[in-house]
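These are the residues of each chain, in order.
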Amino acid sequence: MDETLFAPLTTLGASLVLLFGVVLLWRRSLNAYIQAFKWQSVILSGVFFLVGYFGHDPELYGVGVALLGLKVFFIPHLLGRLRKRVGADHEITPYVNIATSLLIGGMLVLLAYVLMRPVVTVSTLPTRGALPLALGLVFIGLFVLITRKKAITQVVGFLVMENGIALLAVLGTYGIPLIIEMGVFLDLLMGILVMQVFIYQIQDTFESIDVDRLTHLKH
Amino acid sequence: MLFLLLLLPSLLAALLALVVRPYRPAVGWSNAVLSLAAFGAALGVAGHAIAGEILVWGPGDLFRADSLSALLMVCVSAVAAMTLFLSPGLGRSAAFTDRQLRRYHLFINLFIFSMLLAVSVNNIGIMWIAIEATTVFSAMVIPLTLSKASVEASWKYILICSVGIALAFVGTVLGYFDFVALSGRAENALNWPVLLNFAPHLHPEVMRIAFIFLLIGYGTKAGLAPMHTWLPDAHSESPATLSALMSGVLLAVAMYALLRWKMVVDATLGDGFTDTLLLTLGLLTLFIAAFSLVRASNYKRMLAYSSVEHTGLICIGLALGPIGTFAAMYHIVNHAAAKSMMFFLSGRILHRFHSTELGAVRGLLKVMPATAILFAAGMLALVGLPPFGLFMSEFALVRAGFVTGHPWLMALLLVLLAVAFVALLRHLNSMLHGTPTAEIATGEDHRWGLVPMLMSVAVLLVLGFYLPASFQSLLDGIAALVTH
Amino acid sequence: MNAYLLELAQALISLAVAPLLVGFIGWLKARLQGRRGAPPWQPYFVLRKLFSKEVIVSEHASWLFRFAPYVVFGSGVAVTLLIPLFCVPLPFDAMGDLLMVVYLMLLGTFFLALAGLDPGTAFGGMGASREMTVAAIAEPTIALAIFSLALRAGSTNLGQIVVNTLADPTVALNAGHLLAFVALFVVTLAETGRIPIDNPSTHLELTMIHEAMILEHSGRHLALIEWASGLKLLIFFSLLANLFVPWGVATTLSPVYLLIALPIWIGKLGLLAVVVAVLETRLAKLRLFRVPELLSMSFVLALLAVISSFLLR
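Being a predicted model, the structure only gives us computed values, none of them experimental.

**Details of the overall build of chain A**
Then step 1. Helix and strand counts for chain A stand at seven helices and zero strands.
Then step 2. Over its C-alpha trace chain A gives a radius of gyration of 18 Å, about what one expects of a compact globule, namely 17 Å for 219 residues.
Then step 3. Projected onto its principal axes, the C-alpha positions of chain A cover 55 × 35 × 30 Å.
Then step 4. Split into buried and exposed, the 219 residues of chain A put 55% on the buried side.

Written out as structure tokens, the structure reads:
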């Protein structure tokens with residue numbers, strides 16, 4: 001493939017990844033969130049493979065495969081099972097309504113662009129143009145985590161944040177050292193397993209996974 | 001070699017807890033003994049650091065111990081040892097089921113392992129991984145007894161801290177990015193000495209943004225305001241021994257991470273930027289903690305807010321140059337000793353009074369005299385009264401503030417400390433005196449459990465009177481790291 | 001060929017093709033639903049019938065009610081003179097600015113809404129308020145989406161955008177381009193009153209937006225308004241086709257190129273018509289409170305398109 005296609009293709013991939021993140025602000029159904037995360041991770045692995053090919057770094061292929069296994073198969077499967085067991089379906093009344101969330105999401109991407117200006121000027125890599133999109137995704141994940149009431153949505157928001165950080169790493173540095181990347185995956189896996197256990201516990205003690213109900217610990 | 005001796009015992013202990021089904025008290029005892037081995041190893045490392053040697057070991061210089069690491073290793077392993085000796089499940093009372101005890105011992109040892117790993121690795125990336133692991137492992141122990149409050153606390157804990165750690169990772173990636181942008185990719189790029197060496201060449205604008213992310217991220221873990229909201233909940237709902245570990249040393253490990261990065265960023269930007277940020281956050285933390293202490297209605301939450309207060313103090317100390325860092329590190333040791341002791345004691349009080357409400361605890365002096373005296377001693381230490389060590393470290397901190405030219409800020413700090421002082425003593429008073437309710441049994445059970453607390457008080461008293469030469473040279477070593 | 005004659009021909013051809021486009025979509029939907037459906041040229045018969053019918057005006061209506069259909073129709077025709085349909089550059093293109101086009105279309109919508117309010121009927125007011133809710137988010141989205149293209153091309157002149165995109169094909173691959181396309185497509189569905197935003201063939205109070213506004217009109221007024229909505233559909237389809245996939249637009253005024261460009265343009269319109277028909281058959285109409293959510297989504301896409309075009313230069 002032609003070298004000049006590298007930058008536009010990675011930008012395209014990063015934009016699609018961001019778009020799936022925006023879907024989290026738009027849809028209400030928990031299943032849609034899990035599917036959006038799944039497809040986002042598919043495209044993210046694609047970006048990893050792309051950078052591995054053009055950046056001549058075969059390690060990234062391995063990382064991409066691990067990402068596929070973890071975030072496309074295992075975690076969505078886990079979350080899907082959790083969702084069915086817990087019986088939650090829709091995010092009915094988020095703290096910030098959908099239209100406003102979408103507008104704030106757009107503003108967050110703009111903020112990411114402003115913050116990343118010095119970083120983009122410093123970099124010489126062809127993938128640098130898409131760096132703000134990755135940070136924007138991190139912010140959108142954070143926003144979803146803060147403003148949504150169902151515990152599963154908060155977990156998906158966190159996962160989307162992690163995807164954003166992975167994208168940031170691969171676009172900015174062609175991937176962090178392998179051992180750290182693997183450590184990050186391990187941490188993420190453990191974190192998700194623990195969160196899953198907690199959501200079952202929340203369901204058992206509160207009869208719902210509405211984070212709104214967790215108000216026993218005031219000051 | 002010492003590193004192996006430091007890290008393996010906790011792994012072994014966790015393995016034991018995992019493998020032995022059903023749980024037996026022997027597991028608890030062997031865990032406690034293993035932790036002593038780790039403590040010994042930490043002392044060994046400290047010995048090398050005092051002598052001025054930097055220990056490096058492992059493939060690609062994986063492990064490295066300078067004075068800073070050594071200090072924290074000693075703190076962590078000491079508190080860990082006390083915790084494991086005072087843990088439930090050593091054959092005393094049957095407050096927990098076997099399953100709960102097995103889970104407790106498995107995860108608390110993994111938690112201790114990850115904390116020790118965080119302070120002994122050379123690579124800032126692996127340090128991050130270890131700190132993230134601490135969140136996960138400690139979260140598993142918080143809801144040991146399921147209740148609405150503990151489930152809520154654990155959920156808030158894992159969510160907020162994971163988010164914080166993720167943001168810290170963004171900062172780490174940005175730092176790595178800058179290094180790569182300048183000198184290409186390298187396997188050891190995130191090794192701390194390499195990064196520090198290269199730091200003067202890094203781009204200021206990028207490192208500025210990176211530090212902001214790192215501060216918010218590791219600050220969340222350390223309990224700095226306004227990201228501290230998880231702390232009172234998590235520390236009050238967990239079992240007392242876990243709270244001791246978390247309050248005493250986990251916050252310190254997070255500040256350690258922050259200090260490591262601060263040294264790198266200061267080499268790039270000069271210390272004005274980081275100092276201003278740390279001062280602001282530290283004072284805000286202190287402010288919120290002091291006023292929350294006034295309103296506290298639950299003694300475990302009160303202790304948690306006191307941890308927030310002391311984290312704020314440590315943060316301010318780190319912003320006051322080498323003298324301030326000296327004071328802050330001194331303070332970490334003092335606080336670890338005092339706070340862990342307080343939480344152990346609160347566990348005993350909870351066991352007797354069956355409630356964590358301040359209103360429910362009355363007449364402690366009559367009910368459990370020894371506990372009460374130790375509790376009072378600990379509280380006096382925490383508010384910074386002489387002759388305890390915290391007085392000396394807070395004094396050193398304020399002096400550092402005056403020397404570096406922040407007299408008004410130090411005045412504000414003293415006012416806030418006074419507010420906390422009054423609040424804590426008032427609560428202490430209400431707990432110690434008064435008449436207890438009739439059903440509360442009097443007298444101590446399990447007096448041997450008080451021995452570790454006596455040791456903590458002894459340490460605090462010693463540090464309050466004079467600074468042992470070896471300890472001082474360790475602290476000097478740390479201050480030297482920060483001077484440029 | 002004389003460029004001005006070509007402009008005129010462009011307007012006339014648009015007027016001729018617009019009803020066919022609407023009819024084609026209706027026929028295709030019928031076929032997809034398993035019905036025979038009215039033939040694609042049915043709208044011509046409808047227009048002829050309407051033009052011969054009497055105009056009944058409510059006694060509560062003012063001059064605005066009689067004036068509005070002409071404004072709507074006129075603005076539609078004016079836009080067809082300004083945008084690149086199958087040939088660039090044309091003399092009026094210099095006025096074919098992005099803002100001019102957006103304002104003209106908004107002018108039509110505005111007068112339509114006013115005319116809905118004017119007679120004082122319940123349906124008219126309801127339709128007008130719903131239409132304004134949609135337009136409030138859709139109009140900025142059009143502006144932003146086309147603006148992102150303008151940033152790339154270096155000019156807000158639509159004809160210029162087409163020429164520049166033709167000159168540099170790799171532009172079509174970039175993210176801003178695609179985001180703007182999706183945003184503009186959603187807005188097309190919104191502005192022309194297609195499912196999932198509005199149902200063009202319903203007269204149920206619960207579901208109609210556009211139809212509610214024009215309920216009071218009759219005779220030649222209704223004919224002009226129906227023709228104008230067909231023109232709007234044609235305009236939006238042409239914008240979608242020519243700004244994003246400009247290959248096939250003639251760049252010189254020679255007869256040969258024009259003869260090739262015309263069928264290509266009709267073909268693009270037909271393709272878009274097929275897509276819209278399939279979407280209308282497959283999707284259900286959104287409940288009214290969900291419509292701002294969809295439109296905000298397209299607004300954010302357009303915003304992202306602008307951000308990426310602006311800051312990725």
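From this point on, the discussion continues.
**Section: the overall build of chain B**
Then step 1. Within chain B, the regular secondary structure consists of 19 helices and two strands.
Then step 2. Taking 2.2 N^0.38 as the reference for a compact globule, 484 residues should give roughly 23 Å; the C-alpha atoms of chain B span a radius of gyration of 21 Å, in line with that estimate.
Then step 3. Dimensions of chain B along its principal axes, counting C-alpha atoms only, are 70 × 55 × 45 Å.
Then step 4. Taken across its 484 residues, chain B has 62% of its residues classed as buried.
Then step 5. Across chain B, every contact between residues at least 6 apart in sequence was considered, and the portion connecting residues at least 24 apart equals 80%.

**A look at the interface of chain C and chain A**
Then step 1. Across the contact, 16 residues belong to chain C and 17 residues belong to chain A.
Then step 2. Secondary structure elements with two or more residues in the side of chain C that touches chain A: helix H7 (175–191) and helix H11 (291–311) of chain C.
Then step 3. If one sorts the elements of the side of chain C that touches chain A by residue count, H11 of chain C sits on top with ten residues.
Then step 4. Of the residues contributing to the side of chain C that touches chain A, the split by class is eleven nonpolar, four polar and one charged.

**Notes on the interface of chain B and chain A**
Then step 1. In this complex, chain B contributes 39 residues to the contact, which on the side of chain A involves 39 residues.
Then step 2. Sorting the residues of the side of chain B that touches chain A by element identifies helix H5 (124–141), helix H6 (148–183) and helix H8 (204–222) of chain B as the ones contributing at least two each.
Then step 3. Ranked by residue count, the leading element in the side of chain B that touches chain A is H6 of chain B, at 21 residues.
Then step 4. Of the residues in the side of chain B that touches chain A, the class split is 26 nonpolar, four polar and nine charged.

**Some thoughts on the nonpolar core**
Then step 1. Ala134 and Leu167 of chain A together with Cys75, Val76, Leu116 and Val253 of chain B are the most contacted members of the largest nonpolar core, which totals 383 residues.
Then step 2. Among the elements that make up this core, the one with the highest residue count is H6 of chain B (21 residues).
Then step 3. Beyond its immediate sequence surroundings of up to four residues, leucine 116 of chain B is in contact with Leu6, Leu7, Ser10, Ala38, Met73, Val76 and Ser77 of chain B.

**Overview of the arrangement of the chains**
Then step 1. Contacts are most numerous between chains A and B, taken over all two pairs of chains that touch.
Then step 2. Note that chain B does not reach chain C: the shortest distance linking a C-alpha of one to a C-alpha of the other is 18 Å.

**Here's the deal with the packing of helix H1 (residues 3–32) of chain C against helix H2 (residues 42–52) of chain C**
Residue and element names in this part refer to chain C.
Then step 1. It is at 7 Å that the axes of H1 and H2 come closest, and there the two elements cross at 120°. The angle between the axes of H1 and H2 places the two elements in the oblique class. Of H2, the residues touching H1 (which contributes Pro19, Val22 and Gly23) are Gln42, Pro43, Tyr44 and Leu47.

**Points about helix H3 (residues 59–86) of chain A**
The periodicity of an α-helix, 3.6 residues per turn, causes residues three or four places apart in sequence to face the same way.
All names here are of chain A.
Then step 1. For H3, which comprises 28 residues, the first-to-last C-alpha distance of 38 Å matches the rise-based estimate of 40 Å (1.5 Å per residue) to within 8%.
Then step 2. For H3, the principal kink sits at isoleucine 75 and spans about 30°; a proline, proline 76, occurs within the next four residues.
Then step 3. All of the buried residues in H3 are Leu60, Val63, Gly64, Leu67, Lys71, Ile75, Pro76, Leu79, Leu82 and Arg83.
Then step 4. Those residues of H3 that are buried are in contact with helix H2 (30–54), helix H6 (151–173) and helix H7 (178–206).
Then step 5. At the exit of H3 stands glycine 87, carrying a positive phi of roughly 80°.

**A short note on the environment of alanine 68 of chain C**
All names here are of chain C.
Then step 1. Relative to the assigned elements, alanine 68 resides in helix H3 (residues 63–82).
Then step 2. You can call alanine 68 buried: it has 26 C-beta atoms within 10 Å.
Then step 3. Put simply, alanine 68 and valine 57 are eleven residues apart on the chain and 13 Å apart in space, counted from C-alpha to C-alpha.
Then step 4. If we ignore the near neighbours within four places in the chain, the residues touching alanine 68 are Phe111, Leu112, Leu114 and Ala115.

**So, H3 of chain C**
Residue and element names in this part refer to chain C.
Then step 1. If you check H3, its first and last C-alpha atoms are 29 Å apart, about what 20 residues at 1.5 Å a residue would give, namely 28 Å.
Then step 2. Within H3, the full set of buried residues consists of Phe65, Ala68, Pro69, Val72, Phe73, Ser75, Gly76, Val79, Thr80 and Leu82.
Then step 3. Lining the buried residues of H3 we find H1, helix H4 (98–117) and helix H9 (219–244).

**With respect to the domain arrangement of chain B**
It is common to give the size of an interface as the accessible area lost on bringing the parts into contact.
Residue and element names in this part refer to chain B.
Then step 1. Partitioning chain B into structural domains gives domain 1 (1–122), domain 2 (123–236) and domain 3 (271–484).
Then step 2. Each side of the interface is counted separately: domain 1 has 16 residues, and domain 2 has 16 residues.
Then step 3. Tallied by class, the residues present in the side of domain 1 that touches domain 2 amount to ten nonpolar, four polar and two charged.

**Focus: the environment of leucine 106 of chain B**
Residues and elements named next belong to chain B.
Then step 1. When you line up the elements, leucine 106 lands in helix H4 (residues 98–120).
Then step 2. A sequence separation of 265 residues divides leucine 106 from threonine 371, and the C-alpha atoms of the two residues are 29 Å apart.
Then step 3. Each residue touching leucine 106, except ones within four places of it in the same chain, is listed here: Ala14, Ala17 and Leu18.

**Comments concerning the environment of serine 10 of chain B**
Residues and elements named next belong to chain B.
Then step 1. Inspection of the secondary structure assignment puts serine 10 in helix H1 (residues 2–19).
Then step 2. As a C-alpha pair, serine 10 and alanine 42 span 32 residues in sequence and 13 Å in three-dimensional space.
Then step 3. When sequence neighbours within four positions are dropped, the list of residues in contact with serine 10 reads Ala38, Asn109, Ile112, Phe113 and Leu116.

**Re unusual backbone geometry**
Then step 1. The omega angle of the peptide bond from proline 386 of chain B to proline 387 of chain B is 5°, so this bond is cis rather than trans.
Then step 2. Along the chain, the position of proline 387 of chain B falls in the loop between helix H15 (369–382) and helix H16 (389–403).
Then step 3. With an omega of 10°, the peptide bond running from isoleucine 195 of chain C to proline 196 of chain C counts as cis.
Then step 4. Among the structural elements, proline 196 of chain C can be located in the loop between H7 and helix H8 (210–213).
Then step 5. A positive phi is found at histidine 56 of chain A, a non-glycine position, where the angle reads about 55°.
Then step 6. Structurally, histidine 56 of chain A can be placed in the loop between H2 and H3.
Then step 7. On the basis of neighbour count, histidine 56 of chain A is assigned to the exposed category, with 9 C-beta atoms found within 10 Å.
Then step 8. Positive phi, close to 55°, is recorded for histidine 354 of chain B, a residue that is not glycine.
Then step 9. Inspection of the secondary structure assignment puts histidine 354 of chain B in the loop between helix H13 (321–353) and helix H14 (364–367).

What counts and how
- Residues numbered from 1 in each chain as written.
- Chains lettered and ligands numbered in written order.
- Predicted model: local features only at pLDDT ≥ 70, side-chain atom pairs only at ≥ 80, totals over all residues.
- Helix = DSSP H or I, 4+ residues; strand = E, 2+ residues; numbered from the N terminus.
- Rg over C-alpha atoms; globule rule 2.2 N^0.38 Å.
- Buried ≥ 20, exposed ≤ 12 C-beta atoms within 10 Å, placed from the backbone.
- Contact = placed C-beta atoms within 7 Å.
- Nonpolar A, V, L, I, M, F, W, Y, C, P; charged D, E, K, R; others polar.
- Core = buried A, V, L, I, M, F, W, Y, C linked by C-beta atoms within 7 Å.
- Axes fitted to C-alpha atoms, helices over the stretch in contact; angles between N-to-C directions.
- Parallel < 35°, antiparallel > 145°, perpendicular 65-115°, else oblique.
- Expected span 1.5 Å × (residues − 1).
- Bend = angle between axes of the 7 residues up to and from the residue.
- Domains from an automatic or database assignment.

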